[in-house]
Amino acid sequence: MLKLPSLDQFITEFDTVLRTLAAPAVSARAHPDAKIDDAEMSSAEKAHAAGLMRVNHCGEVCAQALYQGQALTARDPAARQALRHAADEEVEHLAWTQRRLAELGSHRSVLNPLWYAGSLAMGVAAGVIGDQWNLGFLAETERQVGAHLQSHLSELPQQDEKSRAIVSQMYLDEMSHAELADQMGAVPLPQPVPQLMQLTSKLMTQLSYRF
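The rules behind the values
- Residues numbered from 1 in each chain as written.
- Predicted model: local features only at pLDDT ≥ 70, side-chain atom pairs only at ≥ 80, totals over all residues.
- Heavy atoms only, no water.
- Helix = DSSP H or I, 4+ residues; strand = E, 2+ residues; numbered from the N terminus.
- Rg over C-alpha atoms; globule rule 2.2 N^0.38 Å.
- Buried < 20%, exposed > 50% of the residue type's maximum accessible area, 1.4 Å probe, protein only.
- Contact = heavy atoms within 4.5 Å.
- Areas by Shrake-Rupley, 256 points an atom, 1.4 Å probe, with all protein chains shown as cover.
- Lys, Arg positive; Asp, Glu negative; His and termini not counted.
- Charge placed at Lys NZ, Arg CZ, Asp CG, Glu CD.
- Axes fitted to C-alpha atoms, helices over the stretch in contact; angles between N-to-C directions.
- Parallel < 35°, antiparallel > 145°, perpendicular 65-115°, else oblique.
- Left-handed = near helix turned anticlockwise from the far one by under 90°.
- Nonpolar A, V, L, I, M, F, W, Y, C, P; charged D, E, K, R; others polar.
- Expected span 1.5 Å × (residues − 1).
- Core = buried A, V, L, I, M, F, W, Y, C linked by side-chain atoms within 4.5 Å.
- Salt bridge = Lys/Arg side-chain N within 4 Å of Asp/Glu carboxyl O.

A tally of regular secondary structure across the protein chain gives seven helices and zero strands. Put simply, the protein chain runs from its N terminus to its C terminus through helices and strands in the order α-α-α-α-α-α-α. At 17 Å, the protein chain has a C-alpha radius of gyration in line with the 17 Å of a compact globule built from 211 residues. Within the protein chain, the proportion of its 211 residues that are buried is 45%. Considering only contacts in the protein chain between residues 6 or more positions apart, those separated by 24 or more positions represent 89%. When the accessible surface of the protein chain is split by element, carbon and sulfur atoms take 61% of a total near 10,600 Å². One finds the centroid of the 17 positive side-chain charges in the protein chain at a distance of 4 Å from the centroid of its 25 negative side-chain charges.

A few words on the packing of helix H5 (residues 131–155) against helix H7 (residues 193–210). Following both chains from N to C, one finds H5 and H7 inclined at 45°, their axes separated by 11 Å at the closest point. As the angle between them shows, H5 and H7 are arranged oblique. Judged by the twist between their axes, the crossing of H5 over H7 is right-handed. Taking contact as the criterion, the partners of Phe-137, Glu-140, Thr-141, Gln-144 and His-148 in H5 are, on H7, Pro-194, Met-197, Gln-198 and Thr-205. For the contact of H5 with H7, the per-class residue count stands at three nonpolar, five polar and one charged.

What follows is about helix H2 (residues 43–73). Over its 31 residues, H2 extends 45 Å from the first C-alpha to the last, a length consistent with the 45 Å expected when each residue adds 1.5 Å. With respect to burial, H2 is a largely interior element, 23 of its 31 residues being buried.

This paragraph deals with the nonpolar core. With 18 residues, the main nonpolar core has Tyr-67, Leu-83, Leu-135, Phe-137, Leu-138, Ala-181 and Ala-186 as its most contacted residues. Secondary structure elements with two or more residues in this core: H2, helix H3 (77–103) and H5. If near-sequence neighbours (up to four positions away) are discounted, Leu-83 is found in contact with Tyr-67, Gln-70, Ala-71, Ala-74, Asn-134 and Leu-138. Listed in part, the 15 residues of the second largest apolar core include Ala-95, Leu-101, Leu-104 and Leu-156.

Before going further, it helps to examine the pattern of salt bridges. Throughout the structure, instances matching the rule amount to nine salt bridges. Note that Arg-100 is salt-bridged to Glu-103, the shortest N-O span being 2.9 Å. One end of the pair is Arg-100 and the other is Glu-103, both in helix H3 and three residues apart, which spans about a single turn. For Arg-100, a relative accessible area of 0% puts it in the buried group. Under the relative-accessibility criterion, Glu-103 is labelled partly exposed at 32%. The salt bridge involving Arg-100 is made with Asp-160; its shortest N-O contact spans 2.8 Å.

Written as structure tokens, this is what we have:
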């Protein structure tokens, strides 16, 4: 049975929202590109790399909201802990992509609050349905993010090794989250749920790349 959040929990969750959308993220691990020098890129290449990294940052904002909503409604403490752990690593991804955007002379998506709200609602709904479906939603999300990151590795300018290092490590982390969800009993989501998720992701990608 679901419990309503206490006042303390509500304050904590609201703080998560503010930190995700407004405060600089901090990484416990070293940034994957820390020992890599920036490369010469044309204005067009730099703008394209920035657009892709803005999409990746937006994806991490969505992940924070999604896992927050799922953890709030998860019934099994182990499932809740897995979601919190995944969210912690996504904070590191936020820090990596934030700094890379600044290095590229660009900005975060102005649409992040909109995507956060939508992802939070999706996470809450997934958790309400049940823990196995909640974990299934986590696994499917991570697999779709992994495919998306792989596509970015093929699109980033070849000489942009800093962005490539970040995206590569993000991919490894996302796949480990999917594997953990599977091990904990995730069930495959029925169609058309994965297709709807892909359509939503496509819209987010197109808008965040530009804005």
